[in-house]
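Each chain, written out:
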Amino acid sequence: MNYLRPVSACNETASDLAGEIVAALSAASIVFKEDTGYSIKLIHSAEKLFEVATKNDTGHHQGTYTAVEDCGGEARTYYNSSGYQDELIWGGTWLFFATGNTSYLGYAAGNFNAAEGEETASEQGVFYWNNKLTANAVLLTRLRYFHDLGYPYEVGLGSSSKKIDLLICSYLSRKIYNRTPGGLILLRPDHGEPLQFAATASFLGKLYSDYLELLRRSGVSCSSEFFSVEMLREFSISQVNYILGDNPMKMSYMVGFGNKYPTHVHHRAASIPWDDQHYSCPEGDRWLYSKDPNPNILYGAMVAGPDKFDNFLDVRDKPWFTEPTIASNAGLVAALIALHDPPPYKSSDSNENNLGIDLTGIFENLQLVPPAT
């Protein structure tokens, strides 16, 4: 690829991108905590960016990166952001875990309702690149369940846990979300590419089921319905099993896994032969429309998936079936890790089996540093 791929500098507004970067830097600072210098550098960068992103004055206006034409560029066509509040509270929550500074938690809890109001109807209950609200609620619920801060955070954290209970019920009740005849949940039925949403639902469902078991709760009650921990885990497992081949097409939608998987993946590097030659985009069309299998196997890539009737066409020029994305694969990786059966995790001060979850590690920095006065 030798054509220009310009980097956009967003000088006026890009609160959503800033919030996502803050979350990434903050989470990474926890992962790399043993490299003290690097971890501190990540935190300092996150704090500086968060300060800029949450400031709303004459020099800075909060908004999405796609709101200004010279910022989003061509990305707006493919990743058109619908809001920014969810990313800012996502960044604030992770920054709180990274620093223990309660001002960041106060921001996340105080703006949670605003983020809910910004959430579009078609994205409720969905965790993906454009919506972090559901995952943020799970993260705050973990805080409430295992490191209760009490007043004045209990009300805000309670709202998060209530939201998650309702979400879990919506996954299982089948009254809100339909499923394909083969059992795949359709969180955004009019959008297509259903696997990415099912994967993150599987991840959040399994994670929350672990929380419930550690709390010795048997399940979740919603109105007149009750759903057990086992039912929630069965749902999570069923969605990943569907992706990996337990579906009416008997097709593994992870490329290179199983005996039958897509061989016409919509991906340039996979579909163009490795012959040490350069091809322009127009020249590449000969492979885009070719009926031959890809010469290169894109191991591990999850394609977009079937339609709402479980039908799948392994055709390269139909990307709504065969296109993989890094963002979609991230959700599948999360689900596979959550469903992996790990060796029992036992904290240094407890002999209890914590289902592979380190209950204290994520809270190590929470010394409840008061906000600056």
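The structure presented is a predicted model; accordingly, all values stated were derived computationally and were not measured.

Reading guide: rules and limits
- Residues numbered from 1 in each chain as written.
- Predicted model: local features only at pLDDT ≥ 70, side-chain atom pairs only at ≥ 80, totals over all residues.
- Heavy atoms only, no water.
- UniProt positions renumbered as here; feature names shortened; annotations may be inferred.
- Helix = DSSP H or I, 4+ residues; strand = E, 2+ residues; numbered from the N terminus.
- Buried < 20%, exposed > 50% of the residue type's maximum accessible area, 1.4 Å probe, protein only.
- Contact = heavy atoms within 4.5 Å.
- Pairing = 2+ DSSP bridges.
- Disulfide = S-S within 2.5 Å.
- Polar contact = N/O pair within 3.5 Å; in protein donor to acceptor, adjacent residues only side chain to side chain.
- Axes fitted to C-alpha atoms, helices over the stretch in contact; angles between N-to-C directions.
- Parallel < 35°, antiparallel > 145°, perpendicular 65-115°, else oblique.
- Salt bridge = Lys/Arg side-chain N within 4 Å of Asp/Glu carboxyl O.
- Core = buried A, V, L, I, M, F, W, Y, C linked by side-chain atoms within 4.5 Å.
- Phe/Tyr/Trp six-rings, centres within 6.5 Å; stacked < 30°, edge-to-face > 60°.

**Student:** It is not clear to me how the UniProt feature "active site" (unreviewed entry) in the protein should be interpreted in this structure. Could you clarify?
**Tutor:** Within the UniProt annotation, "active site" (unreviewed entry) is assigned to His266. Mapped onto the elements of the fold, histidine 266 is located in the loop between helix H11 (229-243) and helix H12 (268-271). Histidine 266 gets classed as partly exposed once you look at its relative accessible area, which sits at 23%. With residues up to four places along the chain from it excluded, the contact list for histidine 266 reads Leu288, Arg316, Asp317, Pro319, Thr322, Glu323 and Pro324.

**Student:** How do you make sense of the pairing of strand S2 (residues 225-228) when you look at a structure like this?
**Tutor:** As judged from the four bridges shared by strand S1 (residues 219-222) and S2, these two strands associate in the antiparallel manner. Bridge assignment links glycine 219 to a residue of S2, and that residue is serine 228. The turn linking S1 back onto S2 is made up of two residues, and serine 223 within it adopts a positive phi angle of 55°.

**Student:** When you look at the state of the cysteines in this model, what are you seeing that I'm missing?
**Tutor:** Covalent bonding between the sulfur atoms of two cysteines defines a disulfide. Throughout the structure, instances matching the rule amount to two disulfides. Disulfide pairing places cysteine 10 opposite cysteine 71 at an S-S distance of 1.8 Å. Around the S-S axis, the bridge from cysteine 10 to cysteine 71 shows a dihedral of about 80° and counts as right-handed. With cysteine 10 in the segment before helix H1 (15-31) and cysteine 71 in helix H3 (residues 69-72), this residue pair connects regions lying 61 residues apart in the sequence. Paired through a disulfide, cysteine 169 and cysteine 222 show a sulfur-sulfur distance of 1.6 Å. Judged by the sign of its S-S torsion, about 75°, the cystine formed by cysteine 169 and cysteine 222 is right-handed. Highlighted residues: cysteine 169 in helix H9 (residues 154-173) and cysteine 222 in strand S1, separated in sequence by 53 residues. Each member of the pair, cysteine 169 as well as cysteine 222, carries the same accessibility label: buried.

**Student:** Help me out: how do you make sense of the side chain of arginine 142 in this one?
**Tutor:** Along the chain, the position of arginine 142 falls in helix H8 (residues 133-146). A polar contact of 3.5 Å, which involves the side chain of arginine 142, links it to the side chain of tyrosine 211.

**Student:** Looking at this structure, how should I read the packing of H8 against helix H10 (residues 195-214)?
**Tutor:** Axis angle and axis distance: for two packed helices, these are the angle between their axes and the distance between the axes, and together they describe the pair. Close contact between H8 and H10 brings their axes to 11 Å; oriented N to C, the two are set at 10°. Regarding the angle of H8 to H10, the classification is roughly parallel. On H10, the residues that touch Thr134, Ala135, Val138, Thr141, Arg142, Tyr145 and Phe146 of H8 are Leu204, Leu207, Tyr208, Tyr211 and Leu214.

**Student:** Please explain the pattern of salt bridges as it appears in this structure.
**Tutor:** In a structure, side chains of opposite charge can pair up when their charged atoms sit close to one another. Counted by the stated rule, this structure contains 10 salt bridges. In this structure, the salt-bridge partner of glutamate 364 is lysine 33, at a minimum N-O distance of 3.2 Å. With glutamate 364 in the segment after helix H15 (326-339) and lysine 33 in the loop between H1 and helix H2 (36-53), the pair connects residues that are 331 residues apart, well separated along the chain. The class for glutamate 364 is partly exposed, based on a relative accessible area of 42%. Given a relative accessible area of 39%, lysine 33 falls into the partly exposed group. In this structure, glutamate 225 engages lysine 175 in a salt bridge whose closest nitrogen and oxygen atoms are separated by 3.7 Å. Of this pair, glutamate 225 sits in strand S2 while lysine 175 sits in the loop between H9 and H10, and the two are 50 residues apart along the sequence. Judged by its relative accessible area of 25%, glutamate 225 is partly exposed. Judged by relative accessible area, which is 63%, lysine 175 ranks as exposed.

**Student:** Looking at this model, I keep getting lost on the environment of proline 248. Mind explaining?
**Tutor:** Positionally, proline 248 belongs in the loop between H11 and H12. Spatially, the C-alpha atom of proline 248 lies 37 Å from that of glutamate 87, the residues being 161 residues apart in sequence. Once you skip the residues sitting within four places of it in the chain, proline 248 turns out to touch Gly182, Tyr242 and Asp310.

**Student:** How do you make sense of the nonpolar core when you look at a structure like this?
**Tutor:** A general feature of soluble globular proteins is that nonpolar side chains tend to end up buried together. Leu143, Tyr171 and Tyr208 are the most contacted members of the largest nonpolar core, which has 86 residues in total. If you tally residues by element for this core, the top one is H10, at 12 residues. Non-local contacts of tyrosine 208, meaning those with residues more than four positions away in its chain, are made with Thr141, Tyr145, Ser161, Ile164, Asp165, Ile168, Arg217, Val220 and Leu232.

**Student:** What should I look at first to understand the packing of aromatic side chains in this one?
**Tutor:** Pairs of aromatic rings are described using the distance from one ring centre to the other and the angle between the two planes. Scanning the entire structure with this criterion turns up 21 aromatic pairs. Relative to phenylalanine 363, the ring of phenylalanine 97 has its centre 5.9 Å away and its plane inclined at 35°; by these criteria the two rings are tilted. You can see phenylalanine 97 sitting in helix H5 (residues 85-99) and its partner phenylalanine 363 sitting in the segment after H15, a full 266 residues away along the chain. For the pair phenylalanine 97 and phenylalanine 363, a shared accessibility class is recorded, and that class is buried. Considering the side-chain rings of tyrosine 208 and tyrosine 211, the 6.3 Å spacing of their centres and the 75° angle between planes classify their relative orientation as edge-to-face.

**Student:** Quick question: what am I supposed to make of the side chain of lysine 163 here?
**Tutor:** Among the secondary structure elements, lysine 163 is positioned in helix H9. Those residues in contact with lysine 163, other than ones at most four positions away along the chain, are Phe112, Glu116, Glu119, Leu133 and Ala137.

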